[in-house]
Amino acid sequence: MPISEILFWVLSITAVVCAMLVIASKNAVHSALFLIVTFFAVAGHYFLLNAHFLAAVHIIVYAGAIMVLFLYAVMMLNLRKDEESGKKPLFKIAAAISAGSLLLVLTVALKRSESNQMLGTDTQIGTVESLGQSLFNEFLLPFEISALLFLSAMVGAVLLSKKQI
Amino acid sequence: MTILIFKVILVLAVFSITMLIAMYSTWAERKLSAVMQDRVGPNRAGPMGLLQPLADGIKMFTKEELTPELSNRFLFIIGPGIAMLTALITGAVIPWGGDVSIGGESFPLQITDINIGVLYLFGVVSIGVYGIMIGGWASNNKYSLLGALRASSQMISYEIAMGLSIIAMVMMTGTLSLREIVAQQDAGFANVLYQPLAFLIFHDLRLRRNEPCAFRPAGMRDGTHRRLPHGVFFDETGPVPVCGVHQHVHLVGHLGQLLLGRVQFPVPARAGLSPNALATVQTVVFFLKVFGFIFLFMWVRWTIPRFRYDQLMNLGWKVLLPLSLLNIFVTGVVMYLTGKLN
């Protein structure tokens, strides 16, 4: 077995197991920590696909910034186990049905897709250079629009946090 | 095969040198603070107290390991471990010197040259926050948790301005590979000449960012081993927390390399040296620079009183962040006007 295949299996198993533990663990802080491990495993997959930039940014942004803020919130809230009251049975049934239908849709979509076809054998597709080239040539307009979107979100967040303007 | 052996030796060398520097930076810190406060400092173990780190190490290894009741044991141990791990794995992309030739073969004095070296460093630095957060939370102690939250929120808010100050430099070099950035500076001038503002912002941030880590372990502040109640690793015992903290200082010392170049060596002198001699000189200069920055850290830390938390936050978000944005803008305009932008 080539080393990339071994890495693929290790990363996949880590990602799936940790993702399950995110919802299975009782302690909210443990959930958050398992989610971080999941992010790392996914970033490892990006590396295997030669998407270096995506992998690095995935770690910097998701694991390094967003999850830190999540952890703050969870640690500050100081959730206790006994506060977790049991949900009503109706909620449980509704949740099971919606999650089950999502699983069904995803499974069918993945089964129908031609998964054996690779998008391209270009190994340079995920490097910083090619990503920058396509972002600033082909996709300049969507890029700028999303930048505006982020700016407006930022302004909105500042506005919400201020009592007086 | 030979390249593999060389890399393994290099990894071991980098690891042991880093650990040695971390060890003696504790000694240097205590001596320096002693000089500044008109004290003697460590002077019992060995001449000038030079064996003090060794004595401390033995003491810490043989000390009873304490784990607070009701704490999460696994996370409690792994917290400082993460802090140390992140500090150590940065060494993988640092170009320590030029190429050395052994038996006719040329090897670069760098463990690996990945083309996203700068991003790798920032990724590792951003993960370092978890060491503090997990360590603070896992001990199940309110003071540790508060200290951890304060230190880590400070670290992540400073990360943004730090990254932005580096972006201006990356705009100029046009590469994220550390090796190329260093090579460009060796061929021309140090980036600090082009980017003085980025340099100042970056180093100011490094200083402040490291401040919360600086006093964390068993009271380095007053030169004794009294534990400070505001420390994150308040309940931690053993050598790992202390090393982790000093490692972190060391790690960020490396990052200065990005802006300072490796060695601004007079060009005629360089031509006369064999590759191995040149690599030696470069490595020595590199470490002298790291020591210089570590000294600068300690100097500032023991001279200027600590900023209050809100002052730090104001400085980071309201002064340094806009300044680094301005720096990016000015860099872009100047590059456009001088025709370096194509």
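Look up: the structure comes first, before these words.
If you're wondering where the values come from, they're calculated on a predicted model, not measured in any experiment. In every chain, residue numbers begin from 1 and rise along the written sequence. Going through the entries in the order they are written, you letter the chains from A and number the ligands from 1. In keeping with the model being predicted, local features are shown solely for residues with a pLDDT of at least 70 and side-chain atom pairs are shown and tallied solely at 80 or more, while totals for entire chains, interfaces and linings include all residues. To get the side-chain values, take all heavy atoms of the structure and skip hydrogens and water.

Engineer: Whenever I open this one, the overall build of chain B confuses me. Can you help?
Structural biologist: Broken down by element type, chain B carries 13 helices and two strands. Under the scheme applied here, a residue whose accessible area is under 20% of the maximum for its type counts as buried, over 50% as exposed, and between as partly exposed, the area being computed with a 1.4 Å probe on protein chains only. Burial statistics for chain B: of 342 residues in total, 54% are counted as buried. Contact between two residues is taken to exist if any of their heavy atoms lie within 4.5 Å; hydrogens are not considered. Residue pairs at least 24 apart in sequence account for 78% of intrachain contacts in chain B once pairs closer than 6 positions are excluded. Accessible surface is estimated by sampling points in the Shrake-Rupley manner with a 1.4 Å probe; for residues, cover comes only from the protein chains shown. For chain B, the accessible area works out to roughly 15,400 Å², and carbon and sulfur atoms hold 72% of it. Secondary structure follows DSSP: runs of H or I at least 4 residues long count as helices, runs of E at least 2 residues long count as strands, and numbering of each begins at the N terminus.

Engineer: Is there a simple way to think about the nonpolar core in this case?
Structural biologist: Inside soluble globular proteins, nonpolar side chains tend to come together where they are buried. In this description, a nonpolar core means a group of buried Ala, Val, Leu, Ile, Met, Phe, Trp, Tyr and Cys residues linked to one another through side-chain atoms lying within 4.5 Å. Among the nonpolar cores identified, the biggest contains 31 residues, and A:Leu71, A:Met75, B:Tyr130 and B:Met133 are the most heavily contacted of them. Elements represented by at least two residues in this core include exactly helix 2 (28-48) and helix 3 (52-77) of chain A together with helix 3 (73-89), helix 4 (117-138) and helix 5 (142-173) of chain B. Discounting residues that sit within four places of it in the chain, B:Met133 has contacts with A:Val68, A:Leu71, A:Tyr72, A:Met75, B:Ala148, B:Leu149 and B:Ser152. B:Val14, B:Trp96, B:Phe286 and B:Val290 belong to the second largest nonpolar core, which has 18 residues in total.

Engineer: Looking at this structure, how should I read the interface of chain A and chain B?
Structural biologist: How big an interface is tends to be reported as the loss of accessible area on association of its parts. Tallying the contact residues gives 24 residues for chain A and 21 residues for chain B. By buried area we mean the combined loss of accessible area, with a 1.4 Å probe, across both parts when two parts are placed together. Both sides of the chain A and chain B interface together cover about 1,800 Å² of buried area, and 78% of this is carbon and sulfur. Looking at the side of chain A facing chain B, the largest losses of area belong to A:Ile60, A:Tyr72 and A:Met75, adding up to 31% of the total buried there. Each reported salt bridge corresponds to a side-chain nitrogen of Lys or Arg within 4 Å of a carboxyl oxygen of Asp or Glu. The interface formed by chain A and chain B includes zero salt bridges. Within 3.5 Å is the distance limit for a polar contact, defined as a pair of N or O atoms, with the added protein rule that one can donate a hydrogen and the other accept it, and that residues adjacent in sequence qualify only through two side-chain atoms. For the pair chain A and chain B, the number of links is one residue pair in polar contact (both at pLDDT 80 or more). Elements supplying a minimum of two residues to the side of chain A that touches chain B: helix 2 and helix 3 of chain A.

Engineer: Even after reading the chapter, I still don't get the environment of B:Ser101, so can you show me in this structure?
Structural biologist: Residues and elements named next belong to chain B. Mapping Ser-101 onto the fold places it in strand 1 (residues 99-102). Remark: the alpha-carbon pair of Ser-101 and Asn-276, spanning 175 residues in sequence, is separated by 6.4 Å. Setting aside anything within four residues of it in sequence, one finds Ser-101 in contact with Ser-106 and Asn-276.

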